[in-house]
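Observations on chain architecture
Read off the chains here:
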Amino acid sequence: MSLTDAATARSTTPTSHPVRIATIGAGRIGSHHAEVVARHVPGATLVAVSDPVEESAQRLAAALGAPFVTTTVDDVLTADDVDAVLITAPARSHTDLVVAAAAAGKHVFVEKPMAVTLEDADRAIAAAADAGIVLQVGFNRRFAPGFAAARAAIDAQKVGTPQLLRSLTRDPGPYTADPARVPQWTIFLETLIHDFDTLCFLNPGARPVRVHAIADALIRPDAKKAGHLDTAVVTVQFDNGAIATADASFSALYGYDVRAEVFGSGGMVTAGNGRSTDMTYYGPDGLHADTARRDTDLLHSAYVGELTAFFDAVRGGTPAVVTGQDARTALSIALACIRSVETGSAVDLDR
């Protein structure tokens, strides 16, 4: 029995009371997730906020009515009135936090990436399976209406056999971050990892087998020598013959943009765009459409959907919709991209 099968077999006991949640991390995404829990998800209640910066934790807790604030993660992991945690701390801390939360018997929703090495991914999966807790990873595009509808069309055989796939992520510009503060390989481990999961989601049952990546610093060429990469294109081959591409940029001047496409033997589906509404203005200078400038705006319903699915799994004692194994697969592609950039060659994925 695999670790994933073990986690499924050891589903949790259903519960009827609201899921009591603590957020670990009060930064931008942590604050957004906490707000979603407090205001948009029935059957869940925010009871605690943990962040090493006490002022940030206090501010978020006060805004959302959470009764408990702490700068120490152990305080929420040992609390009897916490059923589950949202882990939105820095990426390199995710695995250790997942393992600690599982050992404490807390259900876990962890933002991507769940881990930055395959060994750590296996450690997190094993910890969740051993503890019999729900472990869900934050790949939100699966819950965006257009992406979910595209998958439904693929499942209904409307596309036939997938042959060509595409996914893209373009962060809003102009790019103003300090490249020195961006961990190396972020474009693969924290940005394109969404696209890798999307490609797998839209090619169900297929396994990625070969990866080739090209990346450069086109937005901030001065930062390239320090290892900063801000633009990338990746080709992924799957064992069902499908060929996929994923591309990313850290500076789309027109707004935040995520899209996907699947072309198959029976048709094609597309999903996603950067528009904040479906209104188009027709004026003397041509056509104009408003675009989203933040992921939390463009994908708000997807964030609500993924957290609702997590709490439904906790309440119902069922496995997570997006599993640790899903996160491991996307990570394996990201790590292969790093090796591909380093070697200049295509990389075969380990079986």
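Residues numbered from 1 in each chain as written. Predicted model: local features only at pLDDT ≥ 70, side-chain atom pairs only at ≥ 80, totals over all residues. Heavy atoms only, no water.

With that out of the way, let us pick up the sheet that holds strand E6 (residues 135–138). Strand order in the open sheet formed by six strands is E3-E2-E1-E4-E5-E6, and the pairing between neighbours is parallel. Two strands close off the open sheet at either side, each with one partner strand: strand E3 (68–70) and E6. Recorded for the sheet is a direction-independent mean angle of 25° between the axes of neighbouring strands. In this structure, strand E4 (residues 84–87) lies alongside strand E5 (residues 107–111), joined through four bridges in parallel fashion. The partner of Leu 86 across the bridge, within E5, is Phe 109. Contacts between helix H2 (residues 28–40) and the sheet are confined to strand E1 (19–24), strand E2 (44–50), E4 and E5, with E2 contributing the most and set at about 150° to the helix. (Pairing = 2+ DSSP bridges. Helix = DSSP H or I, 4+ residues; strand = E, 2+ residues; numbered from the N terminus. Axes fitted to C-alpha atoms, helices over the stretch in contact; angles between N-to-C directions. Contact = heavy atoms within 4.5 Å.)

As a further point, take the environment of Lys 225. Inspection of the secondary structure puts Lys 225 in the loop between strand E8 (208–216) and strand E9 (231–238). For Lys 225, a relative accessible area of 87% puts it in the exposed group. (Buried < 20%, exposed > 50% of the residue type's maximum accessible area, 1.4 Å probe, protein only.)

Moving on, we come to the sheet that holds strand E15 (residues 347–348). Strand order in the open sheet made by the seven strands is E12-E11-E7-E10-E9-E8-E15, with mixed pairing throughout. In this open sheet, the two strands that pair with only one neighbour each are strand E12 (267–271) and E15. As defined by bridge partners, strand E7 (residues 162–172) adjoins strand E10 (residues 243–252) across eight bridges and the pair is classed as parallel. Opposite Arg 166, over in E10, you have Thr 245 as the bridge partner. The strands touched by helix H11 (residues 324–343) are E8, E9 and E15; relative to E8, the strand with the most contacts, the crossing angle is about 50°.

Bringing the environment of Thr 71 into the picture now. Mapped onto the secondary structure, Thr 71 falls in the loop between E3 and helix H4 (73–77). The class for Thr 71 is partly exposed, based on a relative accessible area of 38%. Distance from Thr 71 to Tyr 175, taken between C-alpha atoms, is 31 Å for residues 104 residues apart in sequence. Ignoring anything within four residues of it in the chain, the contact list for Thr 71 reads Ser 50, Asp 51, Pro 52 and Glu 54.

The N-to-C vectors of H2 and helix H10 (residues 300–316) enclose an angle of 65°; their axes lie 10 Å apart at closest approach. Taken as axis vectors, H2 and H10 run roughly perpendicular relative to one another. Relative to H10, the crossing made by H2 is right-handed. Contacts between H2 and H10 involve Ile 29, His 32, His 33, Val 36, Val 37 and His 40 from the former and His 300, Tyr 303, Val 304, Glu 306, Leu 307 and Phe 311 from the latter. (Parallel < 35°, antiparallel > 145°, perpendicular 65-115°, else oblique. Left-handed = near helix turned anticlockwise from the far one by under 90°.)

This part covers the pattern of salt bridges. Tallied over the entire structure, the rule returns 21 salt bridges. Note that Asp 120 and Arg 123 form a salt bridge whose closest N and O atoms lie 3.0 Å from each other. Taken as a pair, Asp 120 and Arg 123 lie in helix H6 (residues 118–131) at a separation of three residues, close to a single helical turn. The partly exposed category is assigned to Arg 123, whose relative accessible area is 35%. Its salt-bridge partner being Arg 170, residue Asp 247 comes within 3.3 Å of it at the nearest N-O pair. Of this pair, Asp 247 sits in strand E10 while Arg 170 is found in strand E7, placing the two residues 77 residues apart along the sequence. Residue classification places Asp 247 among the buried positions, given a relative accessible area of 12%. When its relative accessible area of 21% is taken as the criterion, Arg 170 is described as partly exposed. Overlapping salt bridges, with partners in common, bring together Asp 96, Asp 120 and Arg 123 in one network. (Salt bridge = Lys/Arg side-chain N within 4 Å of Asp/Glu carboxyl O.)

The subject of this paragraph is the pairing of E1. Burial of E1 is extensive: five of the six residues sit out of reach of the surface. Inspection of the sheet shows E1 paired to E2 by six bridges, in the parallel sense. Residue Arg 20 lies in a different strand from E2, and its bridge partner there is Thr 45. One crossover worth recording links E1 to the parallel E2 by way of H2, and it is right-handed. Direction of pairing for E1 relative to E4: parallel, over a ladder of four bridges. Its bridge partner lying in E4, Ile 24 is registered against Ile 87. (Right-handed = clockwise from strand over helix to strand, strands pointing away.)

Turning to the side chain of Asn 140, a few remarks are in order. By the secondary structure assignment, Asn 140 is in the loop between E6 and helix H7 (145–155). The class for Asn 140 is buried, based on a relative accessible area of 2%. The contacts of Asn 140, once residues within four sequence positions are left out, are His 194, Leu 299, Ala 302, Tyr 303 and Glu 306.

A negative phi holds for most residues other than glycine; trans holds for most peptide bonds. With omega at -15°, the peptide bond leading from Lys 112 into Pro 113 counts as cis. Here Pro 113 shows up in the loop between E5 and H6. Here the residue pair Gly 173 and Pro 174 is connected by a cis peptide bond, since its omega of 5° sits within 30 degrees of zero. If you check the backbone angles, Gln 157 has positive phi at about 65° while not being a glycine. For Gln 157, a relative accessible area of 57% gives the class exposed. Despite not being glycine, Trp 185 shows a phi value in the positive range, around 70°.

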